[in-house]
Amino acid sequence: MDYFNLFEIPVSFKIDSALLKKKFYQLSRAFHPDFFTDASTTEQEAVLEKSSLINMAFLILSNPDLLMEYILTEKKIIIADEKFQLPNHFLMEVMEVNENLMEAKMENDVHTIEKINAAIEQLQQTIFKPVEKIIENYQEDNATQEELLQIKSYYYQKKYLKRILESLR
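All values derive from a computational prediction rather than experimental measurement.

Each value, and the rule that gives it
- Residues numbered from 1 in each chain as written.
- Predicted model: local features only at pLDDT ≥ 70, side-chain atom pairs only at ≥ 80, totals over all residues.
- Heavy atoms only, no water.
- Helix = DSSP H or I, 4+ residues; strand = E, 2+ residues; numbered from the N terminus.
- Rg over C-alpha atoms; globule rule 2.2 N^0.38 Å.
- Buried < 20%, exposed > 50% of the residue type's maximum accessible area, 1.4 Å probe, protein only.
- Contact = heavy atoms within 4.5 Å.
- Areas by Shrake-Rupley, 256 points an atom, 1.4 Å probe, with all protein chains shown as cover.
- Lys, Arg positive; Asp, Glu negative; His and termini not counted.
- Charge placed at Lys NZ, Arg CZ, Asp CG, Glu CD.
- Expected span 1.5 Å × (residues − 1).
- Arc of directions from axis to C-beta.
- Salt bridge = Lys/Arg side-chain N within 4 Å of Asp/Glu carboxyl O.
- Phe/Tyr/Trp six-rings, centres within 6.5 Å; stacked < 30°, edge-to-face > 60°.
- Axes fitted to C-alpha atoms, helices over the stretch in contact; angles between N-to-C directions.
- Left-handed = near helix turned anticlockwise from the far one by under 90°.
- Nonpolar A, V, L, I, M, F, W, Y, C, P; charged D, E, K, R; others polar.

**Regarding the overall build of the chain**
Scanning the chain for helices and strands turns up seven helices and zero strands. Along the chain direction, N to C, the helices and strands of the chain fall in the order α-α-α-α-α-α-α. The C-alpha atoms of the chain give 20 Å as radius of gyration, which overshoots the globular expectation for 169 residues (15 Å, by more than 25%). Its C-alpha atoms give the chain principal-axis dimensions of roughly 65 × 40 × 30 Å. Scored against the burial criterion, the 169 residues of the chain give a buried share of 32%. Of all intrachain contacts in the chain linking residues separated by at least 6 positions in sequence, the fraction that spans at least 24 positions is 66%. Summed over its atoms, the accessible surface of the chain is roughly 11,200 Å², and 52% of this surface lies on carbon and sulfur atoms. Where the 19 positive side-chain charges of the chain centre and where its 28 negative ones centre are 3 Å apart.

**Describing helix 5 (residues 88–106)**
Across its 19 residues, helix 5 extends 27 Å between first and last C-alpha, which sits within 8% of the 27 Å expected from 1.5 Å per residue. Restricting attention to buried positions, one finds in helix 5 the residues Phe90, Val94, Val97, Leu101 and Ala104. One side of helix 5 holds all its buried residues, which, seen down the axis, span an arc of 80 degrees. Set apart from the buried face of helix 5 by more than 90 degrees, the exposed residues are Asn88, Met92, Glu96, Met102 and Met106. On its buried face, helix 5 sits against helix 6 (110–136) and helix 7 (145–168).

**Regarding the pattern of salt bridges**
Pairs can form between side chains of opposite charge once their charged atoms are near each other. Overall, the coordinates contain seven salt bridges when judged by the stated rule. The partner of Glu82 in a salt bridge is Lys152, with the nearest N and O atoms 2.4 Å apart. Taken together, the residues Glu82 in the loop between helix 4 (64–74) and helix 5 and Lys152 in helix 7 connect sequence positions 70 residues apart. Since its relative accessible area comes to 7%, Lys152 is described here as buried. Connected through salt bridges with shared partners, the residues Asp65, Lys158 and Lys162 form a single ionic network.

**Considering helix 7**
Across its 24 residues, helix 7 extends 35 Å between first and last C-alpha, which sits within 8% of the 34 Å expected from 1.5 Å per residue. Taken together, the buried positions of helix 7 are occupied by Leu148, Ile151, Lys152, Ser153, Tyr154, Tyr155, Tyr156, Gln157, Leu161, Ile164, Leu165 and Leu168. Structurally, helix 7 contributes buried residues whose contacts are with helix 4, helix 5 and helix 6.

**Concerning the packing of aromatic side chains**
In this description, an aromatic ring pair is defined by two values, namely the gap between the centres and the angle between the planes. Applying the stated criterion to the full structure yields nine aromatic pairs. Ring centres 4.6 Å apart and planes at 15 degrees place the aromatic pair Tyr3 and Tyr70 in the stacked group. Residue Tyr3 is located in helix 1 (residues 3–7), and its partner Tyr70 is located in helix 4; the two are separated by 67 residues in the primary sequence. The pair formed by Tyr3 and Tyr70 is uniform in burial state, with each residue classed as buried. Pairing Phe4 with Tyr70 gives two aromatic rings, centres 6.0 Å apart and planes at 40 degrees, and the pair type is tilted. Here Phe4, found in helix 1, pairs with Tyr70, found in helix 4; they are 66 residues apart in sequence, far enough to count as distant. The same class applies to Phe4 and to Tyr70, which are both buried.

**Some words on the packing of helix 4 against helix 7**
Between two packed helices, both the angle of their axes relative to each other and the distance between the axes serve to describe the pair. Two elements in contact, helix 4 and helix 7, have axes separated by 11 Å at closest approach and are oriented at 140 degrees. Considering how the two elements wind past one another, helix 4 and helix 7 form a crossing that is left-handed. Contact residues: helix 4 offers Asp65, Met68, Glu69 and Leu72, while helix 7 offers Leu148, Ile151, Lys152, Tyr154, Tyr155, Lys158 and Lys162. When the residues that make up the contact of helix 4 with helix 7 are grouped by side-chain class, the tally is six nonpolar, no polar and five charged.

If you want it as structure tokens, here you go:
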């Protein structure tokens, strides 16, 4: 069962967090294993499995990065263990950032590291601009393959930048 159907919400890259929490609490109460202690072993196992599914769905639907990956995977735009080729212009820009970062780390130059962090955050905003409207206005039935591929490219670029930011911490 897909997570959107489970929560009875439309497929979207932007989910109303209040609605998501409301649905999560409803489902959690309905399928909480403690309410099935008198049920058969088979029913208890089914409820436990459903409860795990609800928790996993909530985790994914409430995290924008995991949500994007989930939708793109469900649409077969992202394939497991895929070796996605990032755009050359992006790689060139990031290569310069990485070189500056390595040098700043070797010299323990906190000021330069802060500047690099700000540059990466700016780059994140830059790569988001081309897909912002697609993500904001996404409707499953109207999305084109080209739009989904643009989001895929954004997803991998964002993931790459996130790894660099994590190395700064």
